[in-house]
Amino acid sequence: MNAPTVFGAPVHWPAKINEVPKDIFDREDVFRLELERIFYGPEWHPVAHTGEIPSIGDFKTFHIGERPLLIVHGQDGQVRVFYNACAHRGTLLETNNRGNKAEFECPYHRWLFDSTGALRGCPGKEDFSPSFTMEGSGLAQVRSAIVGGLIFATLHDATPDIDTWLGRTQPALMQLLGGDGRLKLLGYQKVSYDCNWKAYVDNDGYHAPLLHLAFKMLNWQGGKGSQYATENGHIAFESELKVPTNNGFLRDPSLIAFKGSHTSKGSVIVGLNPLTVMTKHLDMINVRFAVARSLLKTEVHYAYFAHVDDDADMVRHRLRQSSNMLGPCGMVSMEDASIFLRVQQGNRTPGNAVFQKGVKQEHGMWFDFKQNDEAGNLPKWEYYRRVMGFIREES
Ligand code: FES
Ligand SMILES: [Fe+2]
């Protein structure tokens, strides 16, 4: 890979495997290169779940980096991902977050596209250029794949097939997505964090019982489990589910009840490189669709799901539990937002951020970790460094 060419100043990547230079969280030139090499590079990005667009004509808009996408459940039953841009002069085609439409009309010159992306009408076409055809003027489609109902998109031709890319995380991912991926959407909590995307996604297995007070209040400890990573920056946690105890802290203890059937490996977290975190805790199935909007703006859509076979009581239980426990104001995660901002602010100082918990060696890489190790984040950082072309300094 060629060395980066857009830099005003070099990035000094430290020799030790457990150190990361702080300035990469706050440099516009680094962010521009990340867009090119990571977000528009050979990676898959979860952009939706089929449970969000279950009916023909359902659509969702989303972004990968700064590029707008339109995900549509077409009239032929196929789900497609398009660039959300009119095939004429590139006007943003759909401005709603979600909805249902048989056709998408661009307001500028009224070109009309159906839900398969085909151009159906365009005023004045008798005066168009000689090479114009309706067939050749549909919406630009983006390569996509579906695993467990999760819709992935990639903006690069050289991205490996989805099974290869997911690697050893795939069984955990399927378990997290209800076993068979047949999910229905309960709702979203959407938040915009004032931090670089790496400050958001570098959340680790070390902090949870230390930062989040509710874990202590509910006496909620993680069960026996492990954490493992892949060479291309994914991470998965699997552990036995331990049900929290109320301790009089909650007026309604049913909020923290577990109504599922088995607790073995009942807690699963999958983090897919670069930016998607998914969790299954108690009866909550949560996919955090995230967008690196700009250097200092990271948008996260916490999407909560039920299984399509759930009865009404289970759906209500999942909804109450999800909306109270997780997300930007959830009992066991609300402190994260302030930490993301403080990581951003504090890393404007010189030097390197240092990882310690679970670091067995300072050179070389390994991929299996204890569940509360922050070292589990290091394979992702090593992959990031390589993709970005940053050279590790000599020790
Ligand atoms: S830009 Fe969309 S119809 Fe002209
Ligand atoms: Fe957290």
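Each value, and the rule that gives it
Residues numbered from 1 in each chain as written. Chains lettered and ligands numbered in written order. Predicted model: local features only at pLDDT ≥ 70, side-chain atom pairs only at ≥ 80, totals over all residues. Heavy atoms only, no water. Helix = DSSP H or I, 4+ residues; strand = E, 2+ residues; numbered from the N terminus. Rg over C-alpha atoms; globule rule 2.2 N^0.38 Å. Buried < 20%, exposed > 50% of the residue type's maximum accessible area, 1.4 Å probe, protein only. Contact = heavy atoms within 4.5 Å. Areas by Shrake-Rupley, 256 points an atom, 1.4 Å probe, with all protein chains shown as cover. Lys, Arg positive; Asp, Glu negative; His and termini not counted. Charge placed at Lys NZ, Arg CZ, Asp CG, Glu CD. Donors = N, O, S within 2.8 Å, 3.2 Å for Na, K, Ca; no water. Tetrahedral: all angles 85-135°; square planar, octahedral: opposite > 155°, others 65-115°. UniProt positions renumbered as here; feature names shortened; annotations may be inferred. Core = buried A, V, L, I, M, F, W, Y, C linked by side-chain atoms within 4.5 Å. Domains from an automatic or database assignment. Buried area = accessible area lost by both parts, 1.4 Å probe. Salt bridge = Lys/Arg side-chain N within 4 Å of Asp/Glu carboxyl O. Polar contact = N/O pair within 3.5 Å; in protein donor to acceptor, adjacent residues only side chain to side chain. Nonpolar A, V, L, I, M, F, W, Y, C, P; charged D, E, K, R; others polar. Axes fitted to C-alpha atoms, helices over the stretch in contact; angles between N-to-C directions. Parallel < 35°, antiparallel > 145°, perpendicular 65-115°, else oblique. Phe/Tyr/Trp six-rings, centres within 6.5 Å; stacked < 30°, edge-to-face > 60°. Lys NZ or Arg CZ within 6 Å of the ring centre and 35° of its normal.

This brings us to the overall build of the protein. Counting its secondary structure elements, the protein contains nine helices and 20 strands. Taken over the C-alpha trace, the protein has a radius of gyration of 22 Å; the compact-globule value for 395 residues is 21 Å, and the two agree within 12%. Along the three orthogonal principal directions, the C-alpha set of the protein runs to about 70 × 60 × 35 Å. For the protein, the proportion of its 395 residues judged to be buried stands at 54%. Of all intrachain contacts in the protein linking residues separated by at least 6 positions in sequence, the fraction that spans at least 24 positions is 65%. Within the structure as shown, the protein displays about 17300 Å² of accessible surface, and the carbon and sulfur contribution to it stands at 51%. Taken together, the 42 basic and 45 acidic charged side chains of the protein have centroids lying 4 Å from each other.

Next up on the list: the coordination of the iron ion (ligand 2). Donor atoms from the polypeptide that coordinate the iron ion (ligand 2) comprise His-207 (NE2), His-212 (NE2), Asp-336 (OD) and Asp-336 (OD), at 2.2 to 2.4 Å from the metal. For the iron ion (ligand 2), the four donor atoms are set out with angles of 55 to 146° between them, so the coordination reads as irregular. Motif for the iron ion (ligand 2), donor spacing along one chain: H-x4-H-x123-D. One end of the pair, His-207, is in the loop between helix H4 (197–201) and helix H5 (208–211); the other, Asp-336, is in helix H8 (residues 336–346), with 129 residues separating them in the sequence. Looking at His-207, the relative accessible area reads 15%, which means it is buried.

Listed under "domain: Rieske" (unreviewed entry) in the UniProt record, and renumbered for this structure, are residues 44–142. As a span, residues 44–142 carries 0% helix and 38% strand, and end to end its C-alpha atoms are 11 Å apart.

Below, the discussion takes up the nonpolar core. If you look at the biggest cluster of nonpolar residues, it comprises 97 residues, and the most contacted ones within it are Ile-24, Phe-152, Tyr-200 and Tyr-384. If you tally residues by element for this core, the top one is strand S17 (residues 284–294), at seven residues. Among the domains, domain 1 (45–154) and domain 2 (171–382) are the pair contributing at least three residues each to this core. Not counting residues within four places of it along the chain, the set of residues in contact with Phe-152 comprises Trp-44, His-45, Pro-46, Arg-143, Ser-144, Ala-145, Val-147, Ile-162, Trp-165, Leu-166, Leu-173 and Leu-272.

Turning our attention to unusual backbone geometry. Most peptide bonds take the trans form, and the phi angle of most residues other than glycine is negative. Residues Asn-273 and Pro-274 are joined by a peptide bond in cis, for which omega reads 5°. Relative to the helices and strands, Pro-274 is located in the loop between strand S15 (267–272) and strand S16 (276–281). Even without glycine at this site, Arg-110 takes up a positive phi of about 65°. In this structure, Arg-110 sits in the loop between strand S7 (103–105) and strand S8 (112–114). The phi dihedral of Leu-282 is positive, around 45°, even though this residue is not glycine. As for its placement among the helices and strands, Leu-282 is situated in the loop between S16 and S17. Residue classification places Leu-282 among the buried positions, given a relative accessible area of 1%.

Split by domain assignment, the protein resolves into domain 1 (45–154) and domain 2 (171–382). Put simply, the middle of domain 1 and the middle of domain 2, counted by C-alpha atoms, are 32 Å apart. Together, the buried faces of domain 1 and domain 2 total about 1500 Å²; carbon and sulfur atoms form 68% of this surface. The largest contributions to the domain 1 side of the interface with domain 2 come from Pro-46, His-49 and Phe-62, which together make up 28% of the buried area. At the boundary of domain 1 and domain 2, one finds zero salt bridges. Where domain 1 touches domain 2, the interface holds five residue pairs in polar contact (both at pLDDT 80 or more). Looking at the side of domain 1 that touches domain 2, the elements with two or more residues in it are strand S2 (45–49), strand S3 (58–64) and strand S11 (150–154). Counting residues per element, the side of domain 1 that touches domain 2 draws most heavily on S2, which supplies five residues. Residues that form the side of domain 1 that touches domain 2 fall into these classes: seven nonpolar, eight polar and four charged.

On to the packing of helix H1 (residues 28–39) against helix H9 (residues 378–388). A pair of packed helices is captured by two measures, namely the crossing angle of their axes and the spacing between those axes. Packing of H1 against H9 brings their axes to within 10 Å, and their N-to-C directions diverge by 90°. When the axis of H1 is compared with that of H9, the two are roughly perpendicular. Only Tyr-384, Val-387 and Met-388 of H9 make contact with H1, whose side of the interface consists of Val-30, Leu-33, Glu-34, Arg-37 and Ile-38. Partitioned by chemical class, the residues of the contact of H1 with H9 number six nonpolar, no polar and two charged.

Another point: the packing of aromatic side chains. As enumerated under the stated definition, the model contains 18 aromatic pairs in all. Aromatic side chains Phe-62 and Phe-289 sit 6.0 Å apart centroid to centroid with 75° between the ring planes, which places their arrangement in the edge-to-face category. Here Phe-62, found in strand S3, pairs with Phe-289, found in strand S17; they are 227 residues apart in sequence, far enough to count as distant. Like Phe-62, the residue Phe-289 is buried in the burial classification. With a centroid separation of 6.2 Å and an interplanar angle of 55°, the aromatic rings of Tyr-384 and Phe-390 are classed as tilted. Phe-390 shares its class with Tyr-384; the two are buried. One aromatic cluster is present, formed by Trp-13, Phe-25, Phe-39, Trp-197, Trp-381, Tyr-384 and Phe-390 through successive ring pairs. Above the ring of Tyr-188, the side-chain terminus of Lys-190 is found at 4.7 Å from the ring centroid.

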